[in-house]
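# Chain and residue survey
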Amino acid sequence: MAIAVPQTTELDISQTIDWLKQKYPDAVHDDTRQGFGGVVVDKSMLVEVAQAIRDDLGFDYLSSATAVDYLGISDHMEMVYHAYRTTGGPALVFKAQTDREKAEIPSLVDVWLGADFQEREAYDLYGIQFSGHPNLKRILLWDGFNGYPMRKDWQEAYFEQEHKPFDSRWPGGWVHRAEEKNVYGKNVRYPDDIDLARLSDTSEATLYSGLGLGVDVQELESDGLQTDRLVVNLGPHHPSTHGVFRMIVSLNGETIETLEPVMGYLHRNHEKIGERNSFLHNIPFTDRLDYLSSMGNNFGYVLAVEQLLAQGARYQPPTYRAEVIRVLMAELTRIVNHLWSLGFLLNDLGAFFTPMLYANNEREKILDFFEATAGSRLMCNYMRFGGVFADLPERIHSVANLVNDKVRDYNTMEYLAQMITERLPRFLEEYGRLLVGNEILRERTINVGVLPHDLAIALSTCGPLLRGSGVAYDVRRADPYSIYPELDFDIPVGVNGDIYDRFMVRFQEIHESLRILKQLLPRLEQTKGEEVVTKVGHTPRVPVGEAYGRVENPKGELGFYVVSEGDEKGPQNPWRYHVRAPSFINLTALGPMCRGYKVADVVTVLGSIDIVLGETDR
Amino acid sequence: MYGQGIAKGLWITFKHLVNTYVDDIRYAGRKYVSQDNFQVRQGPKSQGAYTVQYPDEKIAVPERFRFVPFRVDSDYDDPERPGQDWCTSCGICAKVCPPQCIWIVRGQDPNTGRPVPQPEAFFIDIDICMNCGYCAEFCPFDAIKMDHDYELASYDRTSRHIYDKPKLSKELRYWKTIAPTRAVEEMEARGGWDHKDVQKEKAKAEKAAAAQKAAPAAPVQTNGGAASPAAPAAEAPAADDAEKIKAERLAKREAALARKRARDAEENGGA
Ligand code: SF4
Ligand code: SF4
C-alpha cells in the first residue's frame, strides 16, 4: 500500500483565464456579473475550449457540471462546469449559455467521460439537449415524465407558493393536509394526450433496445462453448443494491457484456425543494442526502453558503473551536461511514452479518456521541452558518422518562478519548486480523472490478474509488478547507484499482481519521469555553453571487453549487442549489468496471463503490 | 498456507462469542439491579455483544435528543399562572420550520380585533415534521421544545397525526424532568423560572416598587398625618382584587387539570 501526499500547487487561476482569453479572444469572456467568477465560453466553441482546458492547461478532472435557469433575470439557461487538476489547486469555472426555448449545448462527454451522467441529469431536469451525447435520455425521472421540473416555471403537484415560509401557516394557519388537496389526478398535470397504460411498456422497451438487445434469450457460440446471451435485471429490489436501484445486465453465459444502471426510484427533486427553501431550511435537508454521513453533508453546504456570506458585511467566520468541532464530527462521520461500507461489502461477498455487526457495534458508540451532541443519531442537523448548533455537552447524559428507561452518564471528553485512543484502534487491529488475510475475501476482490488510473480520472470518480485506482486526490489536501492544513495525515492510495484496493483504502482512511482525531483532542481542551454558536440569525440575507463549496465526504467529493440572486438586500432563498453527489457520479464507472467480469462480481463491485441511494437519486 | 487467514478470522469470532457469555456470567442477574453495570456494558469499555431488550427495556435518550416538539405551559398547579401558555404566537417557529408543518392561528381580541399574545390554535403535522429542532432553537420565548417521546405510532395516520394545541401542550415541569441541565441554562438566560415577559414585568414592578418605597419614605416623616387616612382606602380594593385573582387562578387551574385529565383519558382510550 503506497501512501502519498498530493502536491498542492498554488496555481493562479487568473493567469489561466488570461491564457484562455488570449487563445480564444472571440469565444471566451469574463463572467462579469456581480459575485460571479470564471469565464463564459461561446457554446459553438465549447468542445474546443474544453479540450484546451484539459490538455493544454491540465485540468484533467471535471468535478461538476450543472445547469441553472435564469428565467426572469436574464432569461437564458446556463451550464456551469468546475474543472480541477488532480494535482490540486482551485477550480477553473467555465460556463456556456443557451436560449431557454431551444436549449442546446454541445456535449462534453468526449472530453471528460464523467460528464455523461451529469449531462443526462441536466437534460432530464432542465431539458437541455446535449448534441453529441451518446445516450441522452432521462436518468432520474421516468421516461414518460412531462416537463422539466428544475425549470423555474415548472410547478410541482403540491405547489403552494414560490418560496417558503408559506403565508398560509401564520397568522391564519388553519391546518389542512396537502394530500386532501390531491385527490388522485387533481392537481397533478398529465398532458392531455397521454395514455398511461402505454407508458411503462415503451420505456421498458427503449431501455432494452438502448442496450442493443431484445429481451429474449439468444444462443451464442464462444470458445467452442454453447452459451446464452440473456438480459438480467438485478434489482430494483435486491439486497445487494443497498436500496432501490436497478442494474440491467446483458450476459454472455456468466460474463457481463454491458451493464446499465437505472436509478431515480428514490428521486424527490431535492434541488427543487432546496430552491423553495430558505438558506437555513436546507441544512436539515442535506442530512437526507447521504444519510450515513449527515455531518459531512452539513459541512459542505454551510461552507458553500459561508463563502457567500463572507462577501457581505457583518459576517463573523466560525471560531477556531467551531472549526475543531466541525472537523471532529466530519472525521467521526468518516469512520462511521467506512465501518458501515466495509461491513456491507463483506455482506455482499456472502460473509453474512458477522463483520457487519462487529463494525456496527463500534458505529453505535459514535452515534451515541452524535445523539448527545446534535440530538439525533443519523439526521444530525448540527452545523450552522458561522458555527455549530451547540457546544459539546459536558456529559453524555440521559434521563429516564419512559417506562423502563435505562440511564447512562459519561463525561464527554473522557468518552471521546477512550473511543479514539483505545477502543477504535483496538477494534481496527482486530478487524484487520479478521478480514485482511482472509483468502476468500482476497480471491473475490483482488483483480476484480479493476478501474485503471486514467479512466478513474476521466470518469470523474471520487473518494476511495478514485484513490483506490492510485490517484492521490483528496479535497482535504488538494483544495484544503477548515483546519485541515494544520493537521498531520496521509492520503492512502491503491495500486491496482481493484476491489481489494478500495477496501484497503477505506481501512487505511479509518486509521488516518483516528490520527486526525488524536490531534483534535488537545485542541478541544485548549479551546474550551470559546463560543461556537453563531450569531447569524434564522433569516440571513445572503449576498448575491455564486459559490461552490466542496468537502471530502466519506463517499467522495461532495459539492454544493449555490447561487444567490435577485433581491437587492440579498435574498432569503437560493436561486440555485445543486448537489454534486459522489454516489451518483461514481456510478458512471459502474458499467466500465463490470465489463468482462462474472455476474456474481457485480454485487461486489457495486458494494465497493459504496453508494447510498438517498444521495444518488436525490 | 492457504486457509490460515480464514482460521485466524474464525478464532476471532469464537473469542467474540465467548466474550459475550463471559460478560453475561460476570454481570449475571445484576444487569437489572445496578445502573452502573448497564452503563459499563453499553459504554466504550464494553466487551462482546449486549442487547437491550426493547420494548421491555429502553435506553434513555440524552437531553438534546429531539423528536416531535411540544409546547410549554406553566405548571398546571403553578401558584400564580396555572397553565399559562408560553407561546406568544409570534410565528417564528412556523417560519423557520423547513417542511412547513407548523400551523398557527394568531389570537385576536374578540372586541377590538387586535392581536393578543396567545395563539387561538396551533397545529403540528407530525407526519411531516422532520425533527430538525429549529422551532425549539429559534423560539425567542422558550415556548416550544423538542420532546423525547418517540413512540408515536398509531393505526390511523389520516386522523390522528395532526396534533392540536391541547395535545401538544405540556407542563414546564415536564421539560425540567427530561432536560434538567438545559432547563436550568435557559432559566438562567431568562433570569428566572417564569416566562420571559413575566420576568420583564416582574422586574418592572420591582423597580416601580423600589421607586415607590424610596419616594414615600421621605414624606412619611415630615407629614405623617396626611398620608394615613388614604391608606386603608387604597388597601381595600387591592384585597378585593387579590380575592378575584385568586378565584380566577383557581378556575384556570381547574380548567387546566381538566384538560389534562381529558387528554389522558383520550390517550388511554385510544391506545
Ligand atoms: S416561536 Fe415560540 S412564541 Fe413564537 S409562535 Fe412559535 S412557539 Fe410561539
Ligand atoms: S422540529 Fe423542525 S420540522 Fe418539526 S416542527 Fe420543529 S421546525 Fe418543524
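What you see is a predicted model, and the numbers here were worked out from it, not measured in a lab.

Let us look at the overall build of chain A. A count of helices and strands for chain A gives 20 helices and 23 strands. Taken over 618 residues, chain A has a buried fraction of 61%. When contacts within chain A are restricted to residue pairs at least 6 apart in sequence, those whose partners lie at least 24 apart make up 69%. Carbon together with sulfur atoms contributes 52% to the accessible area of chain A, which is approximately 22,700 Å² in total.

If you tally the helices and strands in chain B, you get eleven helices and seven strands. Of all 271 residues assigned to chain B, the portion counted as buried reaches 39%. By sequence separation, contacts in chain B at least 24 residues apart represent 64% of the contacts at least 6 residues apart. Roughly 15,500 Å² of accessible area belongs to chain B as shown, and the carbon and sulfur atoms make up 57% of that amount.

Ligand 2 sits among 13 residues. The nearest are Cys97, Cys129, Met130, Cys132 and Cys135 of chain B. For the shell around ligand 2, the per-class residue count stands at eleven nonpolar, two polar and no charged.

It is worth spelling out the domain arrangement of chain A at this point. All names here are of chain A. When its domains are assigned, chain A resolves into domain 1 (8-131) and domain 2 (270-617). For domain 1 versus domain 2, the distance between C-alpha centres works out to 28 Å. Domain 1 puts 34 residues into the contact, and the matching count from domain 2 is 33 residues. Between domain 1 and domain 2, a total of about 2,700 Å² is buried, with carbon and sulfur atoms accounting for 58% of that surface. Broken down residue by residue, the surface that domain 1 buries against domain 2 is led by Tyr61, Thr86 and Phe117, which jointly contribute 21%. Inspection of the domain 1/domain 2 interface yields one salt bridge. Glu546 is the partner of Lys95 in a salt bridge, and the nearest nitrogen-oxygen pair spans 2.9 Å. Counting across the domain 1 and domain 2 interface gives 19 residue pairs in polar contact (both at pLDDT 80 or more). The set of elements that each furnish at least two residues to the side of domain 1 that touches domain 2 consists of strand S4 (61-69), strand S5 (76-84) and helix H3 (115-126). A breakdown of the residues in the side of domain 1 that touches domain 2 according to their chemical character gives 15 nonpolar, 13 polar and six charged.

This paragraph deals with the sheet that holds strand S23 (residues 576-580) of chain A. Backbone-to-backbone hydrogen bonds pair the strands of a sheet. The strands run either parallel or antiparallel. All names here are of chain A. Taking strand neighbours across the sheet as the criterion, the three strands line up as S21-S22-S23 in an open arrangement whose pairing is antiparallel. With one partner strand each, in any of the chains shown, strand S21 (545-553) and S23 form the two edges of the open sheet. With strand direction ignored, the average angle separating the axes of adjacent strands in the sheet is 10 degrees. Direction of pairing for strand S22 (residues 556-564) relative to S23: antiparallel, over a ladder of five bridges. The residue bridging Phe560 from the neighbouring strand is Val579, located in S23.

Attention now goes to the site of ligand 1. Taken together, Cys87, Thr88, Ser89, Cys90, Gly91, Ile92, Cys93, Ile104, Cys139, Pro140, Phe141 and Ile144 of chain B make up the full set of residues adjacent to ligand 1. A breakdown of the residues in the shell around ligand 1 according to their chemical character gives nine nonpolar, three polar and no charged.

Taken residue by residue, the interface counts 70 residues in chain B and 69 residues in chain A. Of the roughly 6,100 Å² buried at the junction of chain B and chain A (both faces included), carbon and sulfur atoms supply 55%. When the buried area of chain B at its contact with chain A is split by residue, Pro44, Arg64 and Trp103 of chain B rank highest and sum to 14% of it. Between chain B and chain A we count one salt bridge in total. Notably, a salt bridge pairs Arg384 of chain A with Glu137 of chain B, separated by 2.6 Å at the nearest N-O pair. The tally of links from chain B across to chain A stands at 28 residue pairs in polar contact (both at pLDDT 80 or more). Looking at the side of chain B that touches chain A, the element that brings in the most residues is helix H1 (residues 4-26) of chain B, giving eight residues. Taken together, the residues that form the side of chain B that touches chain A break down as 34 nonpolar, 19 polar and 17 charged. In terms of strand pairing, strand S18 (residues 405-406) of chain A meets strand S1 (residues 58-59) of chain B through two bridges, oriented parallel. Note that in S1 of chain B the partner of Lys406 of chain A across the bridge is Ile59 of chain B.

A word on the pairing of S4 of chain A. Residues and elements named next belong to chain A. Summarising burial for S4: nine of the nine residues are buried, a large majority. Across eight bridges, S4 lies against S5 in antiparallel orientation. Across the sheet, Thr66 pairs through a bridge with Val80, a residue of S5.

In this structure, the second largest pocket spans a volume of roughly 1,300 Å³. In this structure, the second largest pocket is lined by 48 residues; those nearest its centre are Phe389 and Ala390 of chain A together with Arg182, Glu185 and Glu186 of chain B. Among the elements that take part in the lining of the second largest pocket, helix H8 (residues 180-190) of chain B stands out by supplying six residues, more than any other. Residues belonging to the lining of the second largest pocket are distributed by class as follows: 22 nonpolar, eight polar and 18 charged.

All names here are of chain A. Residue position: Trp340 is located in helix H9 (residues 320-349). Sequence-wise, Trp340 and Pro355 are 15 residues apart; in three dimensions their C-alpha atoms are separated by 9.7 Å. Every residue in contact with Trp340, bar those within four places of it in the chain, is listed here: Leu292, Met356, Asn360 and Arg363.

Turning our attention to unusual backbone geometry. Across the junction of Lys164 of chain A and Pro165 of chain A, the peptide omega takes the value -5 degrees, indicating a cis bond. As for its position among the elements, Pro165 of chain A is in the loop between strand S8 (129-131) and helix H4 (178-181). For the bond running from Trp170 of chain A to Pro171 of chain A, omega is 0 degrees, close enough to zero to count as cis. One can find Pro171 of chain A in the loop between S8 and H4. Phi is positive for Phe353 of chain A, which is not a glycine, with a value near 70 degrees. Here Phe353 of chain A lies in the loop between H9 and helix H10 (354-374). Positive phi values are uncommon outside glycine, yet Ser89 of chain B reaches one of about 45 degrees. Positionally, Ser89 of chain B belongs in the loop between strand S2 (67-73) and helix H3 (92-96). When its relative accessible area of 2% is taken as the criterion, Ser89 of chain B is described as buried.

Let's shift gears to the packing of H9 of chain A against helix H19 (residues 599-609) of chain A. Residues and elements named next belong to chain A. Taken N-terminus to C-terminus, the directions of H9 and H19 make an angle of 175 degrees; their axes are 9 Å apart at the nearest point. The angle between H9 and H19 falls in the class roughly antiparallel. Residues Leu345, Asp348 and Leu349 of H9 pack against Val603, Thr604, Gly607 and Ser608 of H19. Of the residues belonging to the contact of H9 with H19, the class tally is three nonpolar, three polar and one charged.

Here we take up the domain arrangement of chain B. According to the domain assignment, chain B consists of domain 1 (1-59) and domain 2 (69-190). The gap between the C-alpha centroids of domain 1 of chain B and domain 2 of chain B is 41 Å.

Reading the values: rules and limits
Residues numbered from 1 in each chain as written. Chains lettered and ligands numbered in written order. Predicted model: local features only at pLDDT ≥ 70, side-chain atom pairs only at ≥ 80, totals over all residues. Heavy atoms only, no water. Helix = DSSP H or I, 4+ residues; strand = E, 2+ residues; numbered from the N terminus. Buried < 20%, exposed > 50% of the residue type's maximum accessible area, 1.4 Å probe, protein only. Contact = heavy atoms within 4.5 Å. Areas by Shrake-Rupley, 256 points an atom, 1.4 Å probe, with all protein chains shown as cover. Near = heavy atom within 4 Å. Nonpolar A, V, L, I, M, F, W, Y, C, P; charged D, E, K, R; others polar. Domains from an automatic or database assignment. Buried area = accessible area lost by both parts, 1.4 Å probe. Salt bridge = Lys/Arg side-chain N within 4 Å of Asp/Glu carboxyl O. Polar contact = N/O pair within 3.5 Å; in protein donor to acceptor, adjacent residues only side chain to side chain. Pairing = 2+ DSSP bridges. Axes fitted to C-alpha atoms, helices over the stretch in contact; angles between N-to-C directions. 1 Å grid on protein atoms, 1.4 Å probe; cavity = no way out; pocket = protein on both sides within 12 Å on 5 of 7 lines; lining within 4 Å. Points joined across faces, edges and corners; volume = space filled by probe spheres on them. Parallel < 35°, antiparallel > 145°, perpendicular 65-115°, else oblique.

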